[in-house]
Amino acid sequence: MEINKKDLRKISRGFRSIANRTINVHYQEFNSILKMFVDYIDSTKLIFDYINSIVVEEIDINKEVSEVTQSYGRAIFATGTNVEEEIVYTYRILKYLNENNIAIQSFGFSYSHSNKYQDMTKGFGYRVILPFVNHIEDYLTEIAIDMGFDEEAKYMINVNSGQAQVNIANDNSTITATQTNNVRGEELDNLVASIKTLLTDDIPQDEKEIINDNVDIVQEELKKDSPKKGFLKAAWSGIETAMEKVPQAVSLIENLVKLRGLVKPFIE
């Protein structure tokens with residue numbers, strides 16, 4: 001696939017946003033957010049192709065999940081003994097949990113000594129999902145390093161056996177992106193500028209960073225001829241999560257709600 005460094009950065013931001021929400025999800029929302037996470041991976045070719053290019057020994061995921069869910073906390077998921085296995089097995093486990101709508105209550109006892117569902121969800125997030133996320137982030141970072149400093153140049157990414165080969169596109173001199181705003185006028189830029197002004201010191205730093213990064217993604221996508229639904233959904237999910245933690249920031253919330261009005265047609 002062909003991609004430039006700006007697109008790669010947006011993929012990384014989008015992945016990081018939905019991954020963070022999945023790791024820290026409330027147990028009652030586990031299945032719905034997990035679905036968004038898996039859908040993002042499956043719809044993002046750069047990540048999906050990487051995972052599926054890795055050759056590892058096959059395991060029976062159905063049997064694996066059945067053994068853990070029936071163990072009453074005595075067994076955990078086998079995620080492999082090396083990075084490659086951990087990436088593939090974790091992805092397949094998450095995909096199986098998603099496709100079969102398996103609740104965290106069915107296996108959460110394996111990941112926490114507590115009998116509270118939220119503690120189980122947190123344990124699973126940090127012990128299983130986080131290592132997987134870190135491996136994917138490492139992969140995206142390696143590609144960014146190989147791309148160098150040119151923001152506009154297009155690169156051909158070929159993935160084979162878990163290795164990404166980065167080559168500049170042969171006709172790069174003629175490859176130009178026509179970025180015609182789908183959202184015309186000054187409305188979008190003014191709204192984004194207003195939101196950033198309202199990210200004052202009384203907003204917790206983590207929420208400030210999440211909102212700032214994901215608003216950038218939304219702004220960049222909405223200026224494209226064909227905004228990518230997956231990027232916008234992941235970015236907006238990150239914004240919504242942060243909004244829930246700053247209900248006192250009335251003006252900021254009002255502006256983010258206005259931004260949602262611009263995003264809504266592209267994610268529904």
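Here, the structure is the one placed above.
Here's what I pulled together on the structure shown here. (Residues numbered from 1 in each chain as written. Predicted model: local features only at pLDDT ≥ 70, side-chain atom pairs only at ≥ 80, totals over all residues. Heavy atoms only, no water.)

1. Section: the overall build of the protein
Then, number 1: Along the backbone of the protein there are 10 helices and three strands.
Then, number 2: Listing each helix as α and each strand as β along the protein from the N terminus yields β-α-α-α-α-α-α-β-β-α-α-α-α.
Then, number 3: Considering the protein as a whole, with its 268 residues, one finds that 47% of them fall into the buried category.
Then, number 4: When the accessible surface of the protein is split by element, carbon and sulfur atoms take 47% of a total near 13,700 Å². (Helix = DSSP H or I, 4+ residues; strand = E, 2+ residues; numbered from the N terminus. Buried < 20%, exposed > 50% of the residue type's maximum accessible area, 1.4 Å probe, protein only. Areas by Shrake-Rupley, 256 points an atom, 1.4 Å probe, with all protein chains shown as cover.)

2. Digging into the pattern of salt bridges
Then, number 1: If you walk through the whole model with that rule in mind, you get 14 salt bridges.
Then, number 2: Glu 99 serves as the salt-bridge partner of Lys 95, at 3.8 Å between the closest nitrogen and oxygen. Linking Lys 95 with Glu 99, this pair stays in helix α5 (residues 83-99), spanning four residues, or about one helical turn.
Then, number 3: For Lys 95, a relative accessible area of 24% gives the class partly exposed.
Then, number 4: A relative accessible area of 55% means that Glu 99 is categorised as exposed. (Salt bridge = Lys/Arg side-chain N within 4 Å of Asp/Glu carboxyl O.)

3. Considerations on the environment of Asn 212
Then, number 1: Within the secondary structure layout, Asn 212 lies in helix α8 (residues 205-222).
Then, number 2: Ignoring any residue separated from it by four or fewer positions in sequence, one finds Asn 212 in contact with Lys 196 and Leu 199.
Then, number 3: Within the structure, Asn 212 has its side chain in polar contact with the side chain of Lys 196 (distance 3.4 Å). (Contact = heavy atoms within 4.5 Å. Polar contact = N/O pair within 3.5 Å; in protein donor to acceptor, adjacent residues only side chain to side chain.)

4. Looking at unusual backbone geometry
Then, number 1: At Tyr 72, a residue that is not glycine, the phi angle is positive and equals roughly 55°.
Then, number 2: Looking at where Tyr 72 falls in the secondary structure, it is placed in the loop between α4 (61-69) and α5.
Then, number 3: We note that Asn 101 has phi near 50°; this positive angle belongs to a residue other than glycine.
Then, number 4: Among the structural elements, Asn 101 can be located in the loop between α5 and α6 (117-147).

5. Structural notes on the packing of helix α2 (residues 30-43) against α6
Then, number 1: For the pair α2 and α6, the least separation of the axes is 14 Å and the interaxial angle reads 5°. One way to sum up the angle between α2 and α6 is to call them roughly parallel. Contact residues: α2 offers Phe 30, Phe 37 and Ile 41, while α6 offers Thr 121, Phe 124, Ile 129, Phe 132 and Val 133.
Then, number 2: Residue classes in the contact of α2 with α6 are distributed as seven nonpolar, one polar and no charged. (Axes fitted to C-alpha atoms, helices over the stretch in contact; angles between N-to-C directions. Parallel < 35°, antiparallel > 145°, perpendicular 65-115°, else oblique. Nonpolar A, V, L, I, M, F, W, Y, C, P; charged D, E, K, R; others polar.)

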